[in-house]
Amino acid sequence: MTNPKKDGGNANGQPVLDVRNLDVSLVGAGQTRVVRDVSLTVNPGETVCVVGESGSGKSVTAFSIMGLLSSEALRCTSGSILLQGENVLEASAERLRDLRATTMAMVFQEPMTALNPVETVGDQIDEVLRIHRKELGKRERRQRVMAMLESVHLPDPERIYNSYPNQLSGGQRQRVVICIALILEPKLLIADEPTTALDVTTQRQILLLIRELQEKHNTAVLFITHDFGVVADIADRVVVMNRGEVVEMGPRDQILAEPAEDYTRMLVSSVPSLVPDTRAENRNEIVLSVKELGKTYSEKGFLKRRRDVAAAVDINLTLRRGEILGVVGESGSGKSTLARCVVRLQDPTSGEVVICGENIAALRGQTLQAMRKRVQMVFQDPYRSLNPRLTVGDSITEGLTNFGVSRDAALARARELMTLVGLSPDVLQRFPHQFSGGQRQRLCIARALALEPDVLVADEAVSALDVSVQAQVLALLDDIREKTGVGVLFITHDLRVAAQICDTIMVMQNGRMVEFGAAADVLTAPVRPTRAPCSTQRPAAIGTSSISALYERQRYAADFRHPHPQRDDHRRHRRRALRRGHRHRRRPHHADGRPSRCQGRARDRRQWPGGSARLHRRPYA
Amino acid sequence: MFPYVIKRVLATIPVMTMVAVVVFAMLRLTPGDPAAILAGDDASGAQLEQIRRTMGLDQPILTQLFVWLKQLLQGDLGVSLISGTPVVSMIGSRVAPTISLALATIVLTIIVAVPMGVVAARRPGKLLDRTVMTFSVMGFSIPTFVIGYLLIYLLSLKLGWFPVQGYSPIEKGIGPFLHRLVLPTIALSGIYVALVARITRSSVIDVMGEDYIRTARAKGARESTVLLRHALRNAAVPIVTVIGIGVASLITGVVVTESVFNLPGLGRLVVEAVLARDYPVIQGLILLFSFTYVLINLTVDILYTVFDPRIRY
C-alpha cells in the first residue's frame, strides 16, 4: 500500500472491496471468458485505478461488482466479490438493491445519457433517498439534496434542482451523477471513465471533486480509466488489465516509472508528448483561406425575445497544401462550427471561405454541389458516421458515383484507398459493424479521400479512440498528407494530439480566434504574442493566453512520461521550467494534523518525472 | 408550457377554416343536383327552380360559401334535404353511442395494451413476450366484424351473458348502458390493443437499453420502478402518437361495429347520408370528424410536452 493513512473506515482493517479470482463469461455456447481470474482489493480512502484499452474487461469487472451485468449476455462464473466481507455474487436481488447507493455506488462514463431526460435532476437525486431512506420526510429529503448539490459546487442549487438534464452542461450533469452516487455516503465508489467524455477543464474539476468528497468521507474509489494522465493524478495503486486478465498491479509510481510488463510499458509510452517536433515551414500554395468568417445562431420563439448566439466571430486562417492546421479549444469554443462552415454543412453568416481560389461561402445549388468534392470531412464518432446498412465499398464509392464516375472505376479507386489507409482491399464487401473503432476511422478517412479533396476537415477524428489506436490513426493521417498533399484542418480539444500531428495551431475561445502560430511556438511558449495568419492585424488578444490555461490543465497528463534523453533533452528542461512556474496549489491541513493528500501528492510528483536519474533511461526503443 | 398550448390552439384555426372551405368546394363540385333529388323524378322545371331558390343554389358559388361559413359560425349546419330536420340535431341525437363506444374502446385499449407491452418488454424473447405477441398478431389479423359475430355467437347466443344487439342510452341507467357496450367495445378494441401493445413493447425495449436505466438500477431501484417510472415515461411519446392515430381511425372504424351491433351512432348516419346524397348532413359529419381529428392532434401534441419536457416546437 502506498497510502499509509488508513484510519477510520474499517475497524478490523479489511478492505472495502476484495475481488478474488473473478471469472466472467459470455452466456451461450462458447462461454468465452471475458474476465479471467481477476483479483484486486480497495481499502478505505484509497484510490485504485484499473487501466487498459477498450475490451480489456475493466468495465465488465466494475459492472460485476455492482451486479449490473446484463444477465442475458454476461455471467460471473466463478470467484467472489467481497464488499465489506459480504459476497455480492451470492446476494439476493433484494439485498443487492439494498447495497447499491448505500454501500457501493457508481459514476458512469457518459454524463449526457446517464440521467433520465424527462425528470428533473432534483427528483432523480431525491429518488435515492426515497428508495433507501423511507423514514425521511419530503422537506428533509429536499434539504439533503440541496446540501449535496452544494457540496459538488453546482451554482444556484435551487435552479439546478428544478432543471432537466438537457438544460445542464456535461460537467454539471456529471456532478449530478456524482450526487446520486454519493448522497448516502457509500463505502465504495466505482467510477467508470467518469471524465472521458468531458473536455479537459471539466475533467480536471471532476477529478478534484471526486478526490475532495473521497477525503471527506474516506471513501474507497475504484477508478476505471484508459487515461494515464488521470492515473498519474489520482491513483494510489494501479491495476493494469489486458484481454480480461490482470497484467500487473502495484503502487502508482512503480507502475508509471518502472513497469515490469511490456504491455504496461506500451500503454504508458503511447501517451503522446505535449511538445511537438519542429517542422519545416510550409511554402506550398494556399488551398483554403478563411476570411473574417462569422456564424451567428438565432433563436426565435413565440412570445419570446429573439436571442443571438455568436458561435464564431471574425475567424481568419490559411491552410497550405500538405499542411496540418490544428484548431484547438474547449467545448463550446466554436471549433466545430468553424469546421461545419468550411465544409458548408452550415451556412456562414458572414465572411469568406476560399477553397482553391473560389469563395464557397455563398454558393448555392449546383455550383456548391460541384465544390463539395474539393473539401471533405472526417467525423468524430466512427461508430455512427458510417451507414450500418451499406457495405463499406458502397459507402466509399457513393461520392464517386455521385460525381459521375462509373461503378467499376469507383471500386478500383476504393481498392486503392484501402491500401492507402492500411486495410486489405477485400474488406469492401463487409459492413461497418465488422470493424473495430480504429479500422472504422480508417474507412471514414478513405471515404473522405475518395474524391481527392484539396482540404480534409477532421473534426475530433481521434477523440473516440484508445490512445494506442489514436497514435496509429494520427500516423496514417500524417502519411496521407505526405502522399496526397491534402491540406488538413484538424479540430481537437486534446493538445497532446495536436502536438503530435499539427504544423500550425490556432486556438479558439468563445467563438474567437485567440492564438495562431507554428505548433512548436504555440505549445511551448504560449504566452508569446500571437502571429496573425493572413493579415497584420492581431486577433482579439486577451489578458493571459488561453492556451496557457489549456496547457496548464493538460500538461499534468504528460508529466509522468519518461523523458527521451537522446531526442529531447530540451523538452525536459522546458517542462521543468514550466512546472516550477505554477504548480502546487496548497491545500489546508486536516483538522487532526494529517497532511492533506494533495500535498503528499505534489511532493511525490516533484520527485519523480523530472528529477531522479534512474528515470532518464528510455524504457524501450 | 402555457404559451405553447396557446400557440397550438391558435394554430388550429387556419386548419379548420381550410377544412371548411374544402368540404364546401368538394360537395359543390361533385356531379348530381340536390334539387333534382329532393324534388323527385317527376318534378317540373318550375318546381326545381323554386327549390333551388329557397336553398340558395342559384346564387354565385362565392356567395354560397360565405353564407355557409356564416351559418357555420353560428352553429347552423343547415337542414337535411331528406327529412328536413336540422343537421345539428340529427348529429346530436346520434353522437352519444359513438362517443361512448370510442371512449370505452380507448380506455380498454390503454388499460390492456400498455401493461401487455411493458410485461412483454421485461424479458424480450421469453415465453411471456411471445404469448403477448401472438395475441397481438391475432388482434391484427382478425377483422372487427368477425370478432364481433364470434362474440355475439359465444357470449350472447350460447351463454346468454350479454344482449345480442342494441343500445341503451345512459339516461336510462348506467347498468344497461355499460352492459350493452361490452361486446362492441371488445370487438372494436382488438386491433388497437394489438397495435398499442406492439408499440409499447418495442419502445420500452429501446429505452431499457439506455444508460439512465442502468443509473436507476445503480440507485437500487426495484425492477418495477425502473420499468414504470423510468422506462415507460421515456417510451411514452411513440405510444401516445399511436394511440392518437388509433383514436382518429377509431372514429371511422365505428361504422362496421355499429352495423354489427345495431347501434344508432354516427357511423350509420354517415352511411345513410351518403346513400341519400344528403349534402348538408355529409358536410356536417365531415366537419365534425375533421374537428375531432384536429382536437386529437392537439391533445397528442400537448401530451408530448407533459411526458417529455424537452419537446417544444
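Residues numbered from 1 in each chain as written. Chains lettered and ligands numbered in written order. Predicted model: local features only at pLDDT ≥ 70, side-chain atom pairs only at ≥ 80, totals over all residues. Heavy atoms only, no water.

## Here we look at the overall build of chain B
- Counting its secondary structure elements, chain B contains 12 helices and 0 strands.
- For chain B, the α and β elements follow one another from N to C terminus as α-α-α-α-α-α-α-α-α-α-α-α.
- Taken along the three principal axes of its C-alpha coordinates, chain B extends 85 × 55 × 35 Å.
- Among the 313 residues that make up chain B, the fraction classed as buried is 43%.
- Sequence separation of at least 24 residues holds for 71% of the intrachain contacts in chain B that already meet a minimum separation of 6.
- Per element, the accessible surface of chain B, about 16000 Å² overall, is 70% carbon and sulfur.
- Positive and negative side-chain charges in chain B, numbering 26 and 17 respectively, have mean positions lying 14 Å apart. (Helix = DSSP H or I, 4+ residues; strand = E, 2+ residues; numbered from the N terminus. Buried < 20%, exposed > 50% of the residue type's maximum accessible area, 1.4 Å probe, protein only. Contact = heavy atoms within 4.5 Å. Areas by Shrake-Rupley, 256 points an atom, 1.4 Å probe, with all protein chains shown as cover. Lys, Arg positive; Asp, Glu negative; His and termini not counted. Charge placed at Lys NZ, Arg CZ, Asp CG, Glu CD.)

## Comments concerning the overall build of chain A
- When its secondary structure is counted, chain A shows 21 helices and 20 strands.
- Within chain A, the proportion of its 621 residues that are buried is 56%.
- Taking the contacts inside chain A whose residues are at least 6 apart along the sequence as the reference set, 71% of them involve residues at least 24 apart.
- Total accessible area on chain A is roughly 26600 Å²; 47% of this is exposed by carbon and sulfur atoms.

## Some details on the interface of chain B and chain A
- Contact with chain B, which involves 23 residues of that partner, is made by 29 residues of chain A.
- A combined buried area of about 2400 Å² lies between chain B and chain A, and 57% of that area is made up of carbon and sulfur atoms.
- The tally of links between chain B and chain A comes to 3 salt bridges.
- Here chain B is connected to chain A by 12 residue pairs in polar contact (both at pLDDT 80 or more).
- When contributions to the side of chain B that touches chain A are tallied by element, the ones reaching two or more residues are helix 1 (2-29), helix 9 (211-218) and helix 10 (223-260) of chain B.
- For the side of chain B that touches chain A, a count of residues per class yields 6 nonpolar, 5 polar and 12 charged. (Buried area = accessible area lost by both parts, 1.4 Å probe. Salt bridge = Lys/Arg side-chain N within 4 Å of Asp/Glu carboxyl O. Polar contact = N/O pair within 3.5 Å; in protein donor to acceptor, adjacent residues only side chain to side chain. Nonpolar A, V, L, I, M, F, W, Y, C, P; charged D, E, K, R; others polar.)

## Quick look at the domain arrangement of chain B
- By domain assignment, chain B separates into domain 1 (15-73) and domain 2 (97-307).
- For domain 1 of chain B and domain 2 of chain B, the distance between their C-alpha centres works out to 38 Å. (Domains from an automatic or database assignment.)

## Regarding the packing of helix 13 (residues 392-402) of chain A against helix 14 (residues 407-420) of chain A
Residues and elements named next belong to chain A.
- Between helix 13 and helix 14, the least distance of the axes is 9 Å, while the angle of their chain directions is 130°. If you check the angle between helix 13 and helix 14, you find them oblique. Classified by chirality, the crossing of helix 14 by helix 13 is right-handed. Facing Asp-394, Ile-396, Thr-397, Leu-400 and Thr-401 of helix 13, the residues of helix 14 in contact are Arg-407, Ala-410, Leu-411, Arg-413, Ala-414, Leu-417 and Met-418. (Axes fitted to C-alpha atoms, helices over the stretch in contact; angles between N-to-C directions. Parallel < 35°, antiparallel > 145°, perpendicular 65-115°, else oblique. Left-handed = near helix turned anticlockwise from the far one by under 90°.)

## Describing the environment of Arg-217 of chain B
- Along the chain, Arg-217 of chain B falls in helix 9.
- Considering only alpha carbons, one finds Arg-217 of chain B and Leu-285 of chain B, 68 residues apart in sequence, at a separation of 51 Å.
- Apart from the residues within four sequence positions on either side, Arg-217 of chain B is in contact with Leu-68 and Arg-100 of chain A together with Met-208, Glu-223 and Val-226 of chain B.
- There is a polar contact of 2.7 Å between the side chain of Arg-217 of chain B and the side chain of Glu-223 of chain B.

## With respect to the sheet that holds strand 3 (residues 47-51) of chain A
Residues and elements named next belong to chain A.
- A sheet is described by the order of its strands in space; here 6 strands give the open sequence 6-7-8-3-9-10, paired in mixed fashion. The sheet terminates laterally at strand 6 (104-107) and strand 10 (245-251), the two strands that pair on one side only. Between one strand axis and the next, the sheet turns by 15° as a mean value, whatever way the strands run.
- Looking at chain direction, strand 7 (residues 188-192) and strand 8 (residues 220-225) are connected through 5 bridges and run parallel. Of the residues in strand 8, the one forming a bridge with Leu-189 is Val-221.
- Along the sheet face, helix 6 (residues 170-182) touches strand 6 and strand 7 and points at about 175° away from the line of strand 6.
- Each of strand 9 (237-242) and strand 10 touches helix 10 (residues 262-269); the most contacted strand, strand 9, lies at about 105° to it. (Pairing = 2+ DSSP bridges.)

## Examining the sheet that holds strand 2 (residues 33-42) of chain A
Residues and elements named next belong to chain A.
- Pairing in this open sheet of 4 strands is antiparallel, and the strands run 2-1-4-5 from one edge to the other. Unpaired on one side and paired on the other, strand 2 and strand 5 (86-87) mark the two borders of the sheet.
- The sheet contact formed by strand 1 (residues 17-26) and strand 2 spans 6 bridges and is antiparallel. Residue Val-24 lies in a different strand from strand 2, and its bridge partner there is Val-35.

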